[in-house]
Amino acid sequence: MISQTSQMVYRLSNLDAQQQKITYQMSTKKELQYGSDDSMLFGRLSHIDDKILAQTGIKDQIEKTKALNLSADSALAEVKDKIKNAKSELIKANTDTTGEQGLIAIAQTISGYKQNLLDLANTQVEGQYVFSGSDSSVKAFTMDANGKVTYNGNDSLRKIAVDEGSYRESGVNGLEAFFYQTDEALKGGNLTFKADDRILDQDGTEWKLDTVANTLSKKNWDGSFDTLTVTPPTAPATEYSVTIPNTDGARFEAKRSVFDLFDEAVNSLRGVDSVGNPLTPEDKKAKISEAQDNMDKTVDNVVIAHADLGGRNKTFENSLDIIESKISQYNKTSTEIGSSNLTEVGINLKNLEFMFSALYSTISKTNDLSLVNYMK
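**Topic: helix H3 (residues 100-121)**
Okay, step 1: The end-to-end C-alpha separation of H3 is 31 Å, in line with the 32 Å expected for 22 residues at 1.5 Å each.
Okay, step 2: Buried within H3 we find Leu-103, Ile-106, Ala-107, Ile-110, Tyr-113, Lys-114, Leu-117, Leu-118, Leu-120 and Ala-121. Looking down the long axis of H3, one finds its buried residues gathered within 155 degrees of arc, a one-sided arrangement. Facing away from the buried surface of H3 by more than 90 degrees, the exposed residues are Gln-101 and Gln-108.

Next comes the structure, spelled out in structure tokens:
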């Protein structure tokens, strides 16, 4: 009798466990409640879930990158407009009908455009500066008390994951967008530049000028340095020169800040040079014309940077479509292999009802037994 009761309790416990599993499958439409229910299926589902999490993380990163790139795109469009407006003012200034007061007014207007450009160059999204290069936490440009604007970013671009183990460059840096080319030299050639110019090689890597040692140098990935000897200027000249290494593919360019160009234009309109010495009428007119021509170079440079940004943006748009497709496919696969068969679950539930009824009937009859009935 005691043995039979124990068997009844054991069978009832098993039926309760089956009922919990079937109820879970009916309510959640999932096949597995616990990994131990089917270790192989659980492993497959876990792998798919990991893929979904990884792809979702990449998708979020790409969407944030798109927001940065769209802000950069909008900023560069405004930068082009401001430079074109400054050029229009210089054209107006370079006529015989514009007097000294008119030139001073134009200088003031261009100074305002410079401040507009500085604000655009420091465009940021959620605390990230879009033109500072690979480290977006650094403020791209700063202006000192004398109005000198300095680029604080680097010559690199942010690398953003577009898939597991695959990265693409994003955005444009300040050297690409706010510096125009003043000179270029190929292997064995001679490059001339001013002390404030930035020197880039064919890989877009910046070479730093040491005005004490009269060298240009760049730091390599392994911590070593490549160094070139520079010829310093002899007064009254202000330009340095360097001979480009005689290696295939070597190409160096000197780039000057658009902010320095605006400063030169304002000084010329006010009739002074960079250190405040007065200009002759002929020099003044020549420098205004030179600034006007350099505005064209600056616009061309911004157009190129804008086009590069557009190409990179397109890459991320395509990558986002691919990632969303992958996530959708993973979700579909997870649903297909992880969903319970409701028809089968329904049949199992009905069978379970019959088994419960039979067991409870047996328990009821067992409880009705007595020693007297047993002896009969």
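**Details of the nonpolar core**
Okay, step 1: Membership of the largest hydrophobic core comes to 46 residues, with the highest contact counts inside it found for Ile-83, Phe-131, Phe-141, Phe-178, Phe-259, Phe-262 and Leu-269.
Okay, step 2: Sorting the residues of this core by element identifies helix H2 (39-93), H3, strand E4 (149-151), helix H4 (174-177), strand E7 (179-186), helix H5 (258-270) and helix H6 (281-338) as the ones contributing at least two each.
Okay, step 3: Non-local contacts of Phe-259, meaning those with residues more than four positions away in its chain, are made with Lys-114, Leu-117, Leu-118, Ala-121, Phe-141, Val-149 and Phe-178.
Okay, step 4: In terms of nonpolar packing, the next biggest core, distinct from the first, is built from 14 residues, Ala-185, Leu-216, Val-242 and Phe-252 among them.

**Side note on unusual backbone geometry**
Okay, step 1: Here the residue pair Ala-235 and Pro-236 is connected by a cis peptide bond, since its omega of 10 degrees sits within 30 degrees of zero.
Okay, step 2: Mapped onto the elements, Pro-236 comes out in the loop between strand E12 (225-231) and strand E13 (240-243).
Okay, step 3: The backbone phi angle of Glu-126 is positive, close to 50 degrees, even though this residue is not glycine.
Okay, step 4: Considering the arrangement of structural elements, one finds Glu-126 in the loop between strand E1 (124-125) and strand E2 (128-129).
Okay, step 5: Unlike most non-glycine residues, Asn-214 shows phi in positive territory, near 55 degrees.
Okay, step 6: Tracing the chain through its elements places Asn-214 in the loop between strand E10 (206-210) and strand E11 (215-219).

**Side note on the sheet that holds strand E14 (residues 251-257)**
Okay, step 1: Reading across the sheet, the eight strands line up as E7-E14-E9-E10-E11-E12-E13-E8 and stay open at both edges, with antiparallel pairing between neighbours. Among the strands making up the open sheet, the edge pair consists of E7 and strand E8 (190-193). Adjacent strand axes in the sheet meet at a mean angle of 30 degrees, parallel and antiparallel pairs treated alike.
Okay, step 2: Packing of H5 onto the sheet brings it into contact with E7 and E14, and relative to E14 it is tilted by some 50 degrees.

**Remarks on the pattern of salt bridges**
Okay, step 1: All chains considered together, the criterion is met by 18 salt bridges.
Okay, step 2: Taking the shortest distance from any N to any O, the salt bridge between Glu-89 and Lys-92 comes out at 3.5 Å. Of the two residues, Glu-89 and Lys-92 are both situated in helix H2; the distance of three residues between them amounts to about one turn of the helix.
Okay, step 3: Here Glu-184 makes a salt bridge to Arg-251, at a shortest N to O gap of 3.0 Å. Placement of Glu-184 in strand E7 and of Arg-251 in strand E14 is noted, with a sequence separation of 67 residues between them.
Okay, step 4: Each of Lys-148, Asp-196 and Asp-260 takes part in salt bridges that share partners, so that together they form one network.

**What to know about H5**
Okay, step 1: For H5, built from 13 residues, the straight-helix expectation of 18 Å at 1.5 Å per residue is met to within 8% by its first-to-last C-alpha distance of 18 Å.
Okay, step 2: The backbone nitrogen of Phe-259 has a side-chain oxygen 3.0 Å away, supplied by the residue at the start of H5, namely Ser-257.
Okay, step 3: The first or second residue beyond H5 is Gly-271, which carries a positive phi of 85 degrees.

Conventions used here
The numbers attached to residues start from 1 for each chain and follow its sequence in the written order. Predicted model: local features are reported for residues with pLDDT of at least 70 only, side-chain atom pairs are reported and counted for 80 or more only, and whole-chain, interface and lining totals are derived from all residues. Note: side-chain values were computed over all heavy atoms of the structure, leaving out hydrogens and water. A run of DSSP states H or I qualifies as a helix once it reaches four residues; a run of E qualifies as a strand once it reaches two. Both are numbered from the N-terminal end. What a helix is expected to span follows from its residue count: subtract one and scale by 1.5 Å. When a residue's accessible area, from a 1.4 Å probe over protein chains only, is under 20% of the maximum for its type it is buried; when over 50% it is exposed; and in between it is partly exposed. As used here, the arc is the angular range of directions from the helix axis to the C-beta atoms. Definition of nonpolar core: a set of buried residues of the types Ala, Val, Leu, Ile, Met, Phe, Trp, Tyr and Cys, connected through side-chain atoms within 4.5 Å. The contact criterion used throughout is that any non-hydrogen atoms of two residues lie within 4.5 Å. Paired strands are those between which DSSP finds at least two bridges. The angle between two axes is taken between their N-to-C directions and runs from 0 to 180 degrees, where each axis is a line fitted to C-alpha atoms and a helix contributes only its stretch in contact. By definition here, a salt bridge exists when the distance from a side-chain nitrogen of Lys or Arg to a carboxyl oxygen of Asp or Glu is within 4 Å. Counted as a polar contact is a pair of N or O atoms within 3.5 Å, where, for protein atoms, one must be capable of donating a hydrogen and the other of accepting one, and residues adjacent in sequence contribute only when both atoms are in side chains.

These values are about where atoms sit, not about what they do.
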